[in-house]
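Residues per chain, in single letters:
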Amino acid sequence: MDLKSNIPEGAINEKWTNHKFNMKLVNPANKRKYTVIVVGTGLAGSSAAASLSELGYNVNAFCFHESPRRAHSIAAQGGINAAKNYCNDGDSVHRLFYDTVKGGDFRSREANVHRLSEISVNIIDQCVAQGVPFARDYGGLLDNRSFGGAQVSRTFYAKGQTGQQLLIGAYQAMMKEVNKGGVTLFTSREMMELVIVDGKAKGIIVRNLRTGKIERHSADAVILATGGYGNAFYLSTNAMACNVTAAWRAHKKGAYFANPCYTQIHPTCIPVHGDHQSKLTLMSESLRNDGRVWVPKKKGDTRDPKDIPENERDYYLERKYPSFGNLVPRDLASRNAKYACDDGKGVGPTGLAVYLDFAAAIDRLGENTIRARYGNLFEMYERITGSDPYTSPMSIYPAIHYTMGGLWVDYNLESNIPGLFVLGEANFSDHGANRLGASALMQGLADGYFVIPYTIGNFLADETPGSCNSDQSEFKQAEQDVINRVNTLLNINGKRTADDFHRELGMLLWDKCGMSRNAEGLKEALEKIPKIREEFWKNLKVPGDSNNLNSSLEKAGRVADFLEFGELMVRDALHREESCGGHFREESQTKEGEALRQDDKFCYVGAWEHKGENKPQELHKEKLEYSAIDLAQRSYK
């Protein structure tokens, strides 16, 4: 199947406006006849469910938590981008568009990014109307701060809990529709299978995580808003329940998986502190507004940071990238932290950390100002590490964070399976090889509030409502497949836990497919992953049964999918023989050791098709064309 992006014709700043007018519509009386399934109730899912219900559609929303307010969207701390130019510092829709395409190292779809930049200005108004308590300046106007990869201040924020406040707004909008009857909310349900009828997505199979019951649900279209797959690495900043299962189930039913090796390394995380740590903690990128990153100039310097004088400190980001300084994009900040540690200048017990120092900002602005901006983040850091950031620098190191890869979608956010739409982090489209900070919240809300309400109507206009039901053979077969898979996991009765296998896979992926990778290491990973997977299906131990709450069974199913997905991630990384964004291919670098893109060979989206069990995936390519921005090697100097 050809990858048809369905990008509208015309000038880039007119594509979305013209496309909205040219799309087919469903009249209000007919909308009541259609049912849409939304899987995931984070920012993208909740906003989509609320918006579609307000339009008149019947929405069934599925959440694997006991409440949508537990979605991982709450973990986005620093802010949300919008091209409002409230600071009068030169921002515009075009500048946000340019910064995002450049930040993604020219591997995102240009038309989608421009639409995102256009919509950004409406998102803030929407959220303010919902009561989101954005920070305000002395005069009462909405305040902004800076994030990496931009020379303007365009990031709106609510202290250090922006994601949580935005999620509450979307959650309230959805719950209003639940109370009205337009949205039926199913909590503690995990999607286990996508159901395809006559080539179209028509429903899902879920497991009730409390009772173990397998349920069938049919609809006229299915939306996946299930987040990213960063937990494939075991240690990441993601909540421990985050997984790839919903997207992987769809992939195995025919949905293409695009750019799976594109994972973001966040530079500002609390370093690993033990072999049995279960997750990592993100410290917001907003801290780099006032924090200065440095390491000792002398290798192996174990002195207390307060005992190291200024002339013996290397503020390496300010030295190497004077135009952007500490606000370079995440991939550059992460890679340079790794270089400093590899060079023997890392700090802390493991030597795998650098300092993020607020002393200069506190001297300049006063502790009360810093406390007002970052107080909850500083408190969180102190609770975890026992160190007070007001008096001693934070220790930070890069970690897996967001995932730019995801299911392939066209301009309408529809996958190659008709009727299957994918929103937010679960799709691939907007961030290329490196997401700029404060753009995840922007994309999730743009997709849910402002894109899918238009584009799903264009699909449904040609669909007969209620054309299938959950008693059809396709649903029965999908349900039986789920039951068989669950029983297989329970009956292995080996000696190793799912966590044990997950940790082994994650360490392998981080070592061979993390910040720095080479062909030899990737080939080694491709040899080892099938062996880990083989042992998993022979030696897994899942206690309990499937007839009640069983977190071990949940984890086993998710790890089984990670073990398959991890191989595809490595295969994608092996085929892409260029350094791009946060993905440093050691064979492709400049004389200065910077990432070297190869546009003549790899200026495309790599979308993989599942061809069947134990068969090689087939790579499809969507050529990326840039008309509004010229391809260029990135420079932040």
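The residue numbers shown here count from 1 along each chain, following its written sequence. Under the rules for a predicted model, residues below a pLDDT of 70 receive no local features and side-chain atom pairs below 80 are neither given nor counted, while totals for whole chains, interfaces and linings still include all residues. Hydrogen atoms and water are omitted, and side-chain values are computed over all heavy atoms in the structure.

Trainee: Please explain helix α9 (residues 330–342) as it appears in this structure.
Mentor: Each turn of an α-helix holds 3.6 residues, which means side chains three or four residues apart point in the same direction. A rise of 1.5 Å per residue sets the reference length of α9, with its 13 residues, at 18 Å; its end C-alpha atoms lie 18 Å apart and thus fit the reference within 8%. The buried count for α9 comes to 10 of 13 residues, which makes it a mostly enclosed element. Partly exposed describes any residue whose relative accessible area lies between the buried limit of under 20% and the exposed limit of over 50%, with all areas from a 1.4 Å probe on protein chains only and scaled to the type maximum. Comment: elements are numbered from the N terminus, with helices defined as DSSP H or I runs of at least four residues and strands as E runs of at least two. Within α9, burial applies to R330, D331, L332, A333, S334, R335, N336, A337, A340 and C341. Of the surrounding secondary structure, the elements contacted by the buried residues of α9 are β11 (263–269), β12 (292–296), α8 (316–320), β14 (354–357), β15 (394–403) and β19 (584–585). Positive backbone phi, at 85 degrees, marks G344, one or two positions downstream of α9. To estimate how far a helix should extend, the number of its residues minus one is multiplied by 1.5 Å. Here a residue-residue contact requires only that any non-hydrogen atoms of the pair lie within 4.5 Å.

Trainee: Before we go on, may I ask you to explain the sheet that holds strand β6 (residues 189–197) in this structure?
Mentor: Any two strands with at least two DSSP-identified bridges between them are counted as paired. Taking strand neighbours across the sheet as the criterion, the 3 strands line up as β6-β7-β8 in an open arrangement whose pairing is antiparallel. The open sheet has two edge strands, β6 and β8 (214–218), and neither has a second partner. Strand after strand, the sheet turns through a mean of 25 degrees between neighbouring axes, direction not considered. Pairing analysis gives 5 bridges linking strand β7 (residues 200–208) to β8, with the strands arranged antiparallel. The residue of β8 that forms the bridge with I204 is H217. Axis lines are fitted through C-alpha atoms, for helices just across the contact stretch, and the angle between N-to-C directions can take any value from 0 to 180 degrees.

Trainee: Any chance you could explain the sheet that holds strand β9 (residues 221–224) here in plain terms?
Mentor: For sheets, the rule is that strands pair by backbone hydrogen bonds, running either parallel or antiparallel. Spatially, β5-β2-β1-β9-β17 is the arrangement adopted by the 5 strands of the open sheet, whose pairing is parallel. The two strands at the open ends of the sheet, each matched to only one other strand, are β5 (183–186) and β17 (420–422). Averaged over all neighbouring strand pairs, the angle between strand axes comes to 20 degrees, with direction disregarded. Looking at chain direction, strand β1 (residues 35–39) and β9 are connected through 4 bridges and run parallel. Residue pairing across strands places V38 opposite I223, the latter belonging to β9. Along the sheet face, helix α3 (residues 43–55) touches β1, β2 (58–62), β5 and β9 and points at about 165 degrees away from the line of β2. Set on the sheet, helix α6 (residues 162–180) makes contact with β2 and β5; between it and β5 the angle comes to about 110 degrees.

Trainee: How do you make sense of the environment of A29 when you look at a structure like this?
Mentor: Within the secondary structure, A29 is located in helix α2 (residues 28–31). Put simply, A29 and Y57 are 28 residues apart on the chain and 9.7 Å apart in space, counted from C-alpha to C-alpha.

Trainee: How do you make sense of unusual backbone geometry when you look at a structure like this?
Mentor: Glycine aside, residues mostly have negative phi angles, and peptide bonds mostly take the trans form. A positive phi angle is found at D105, which is not glycine, with a value near 60 degrees. In this structure, F106 is a non-glycine residue whose phi angle is positive, near 60 degrees. Relative to the assigned elements, F106 resides in the loop between α4 (93–103) and α5 (110–129). Judged by relative accessible area, F106 falls into the buried class, the value being 2%.

Trainee: What's the story with the packing of α6 against helix α12 (residues 440–460) in this structure? I'm lost.
Mentor: A pair of packed helices is captured by two measures, namely the crossing angle of their axes and the spacing between those axes. It is at 11 Å that the axes of α6 and α12 come closest, and there the two elements cross at 10 degrees. Taken together, the axes of α6 and α12 are roughly parallel relative to one another. Residues T162, G163, L166, G169, A170 and A173 of α6 form the contact with α12, whose own contacting residues are L441, L445 and Y449. In the contact of α6 with α12, the residues fall into 6 nonpolar, 3 polar and no charged. Oblique is the label for every angle not falling under 35 degrees (roughly parallel), over 145 degrees (roughly antiparallel), or within 65 to 115 degrees (roughly perpendicular). Note that Gly is not counted as nonpolar here; it falls among the polar residues with everything else outside the nonpolar set of Ala, Val, Leu, Ile, Met, Phe, Trp, Tyr, Cys and Pro and the charged set of Asp, Glu, Lys and Arg.

Trainee: What am I meant to see in the domain arrangement of the protein here?
Mentor: Interface size is often expressed as the accessible area that is lost when the parts come together. Residue ranges assigned to each domain were obtained from an automatic or database domain assignment. Split by domain assignment, the protein resolves into domain 1 (32–262 + 404–605) and domain 2 (265–400). In this structure, domain 1 and domain 2 have C-alpha centres spaced 29 Å apart. Tallying the contact residues gives 37 residues for domain 1 and 40 residues for domain 2. Throughout, buried area stands for the accessible area (probe radius 1.4 Å) lost by two parts on being put together, summed over both. When domain 1 packs against domain 2, the two sides together hide about 3,100 Å² of surface, and 57% of this comes from carbon and sulfur. It is L235, T237 and M515 in domain 1 that bury the most area against domain 2; as a group they hold 20% of the surface buried on that side. Every case where a carboxyl oxygen of Asp or Glu lies within 4 Å of a side-chain nitrogen of Lys or Arg is listed as a salt bridge. Our count for the contact surface shared by domain 1 and domain 2 stands at 0 salt bridges. A 3.5 Å cut-off defines polar contacts: any pair of N or O atoms within that distance qualifies, except that in protein one atom must be a possible hydrogen donor and the other a possible acceptor, and neighbouring residues in sequence count only when both atoms are side-chain atoms. In this structure, the connection of domain 1 to domain 2 is made through 14 residue pairs in polar contact (both at pLDDT 80 or more). Split into classes, the residues belonging to the side of domain 1 that touches domain 2 amount to 14 nonpolar, 18 polar and 5 charged.

Trainee: Explain the packing of helix α14 (residues 498–513) against helix α16 (residues 551–575) to me, please; I cannot follow it from the model alone.
Mentor: Packing of α14 against α16 leaves a shortest axis separation of 10 Å and a crossing angle of 15 degrees. Accordingly, the angle class assigned to the pair α14 and α16 is roughly parallel. The crossing of α14 and α16 is left-handed. Residue-level contacts link A498, D499, F501, H502, L505, L509 and C513 of α14 to K555, A556, V559, F562, L563, G566, M569, V570 and A573 of α16. Here is the rule for handedness: rotate from the far helix to the near one, and if that takes an anticlockwise turn smaller than a right angle the crossing is left-handed, while a clockwise turn gives right-handed.

Trainee: Please explain the pattern of salt bridges as it appears in this structure.
Mentor: Proximity of charged atoms lets side chains of opposite charge pair with each other. This model, assessed by the stated rule, comprises 56 salt bridges. For D125, the salt bridge is made with K84, and the minimal N-O distance between the two is 2.9 Å. Note that D125 is positioned in helix α5 and K84 in the loop between β3 (80–81) and α4, a separation of 41 residues in sequence. Residue classification places D125 among the partly exposed positions, given a relative accessible area of 43%. Of the charged contacts, one joins R597 and D105 as a salt bridge, the two residues approaching to 2.6 Å between their closest N and O atoms. On the criterion of sequence distance, the pair formed by R597 in the loop between β19 and α17 (599–602) and D105 in the loop between α4 and α5 is long-range, its members being 492 residues apart. Accessibility expressed as a relative area gives 4% for D105, which makes it buried. Among the charged side chains, a network of salt bridges with common partners joins D105, R107, D331, R576, E578, R597, D599 and R634.

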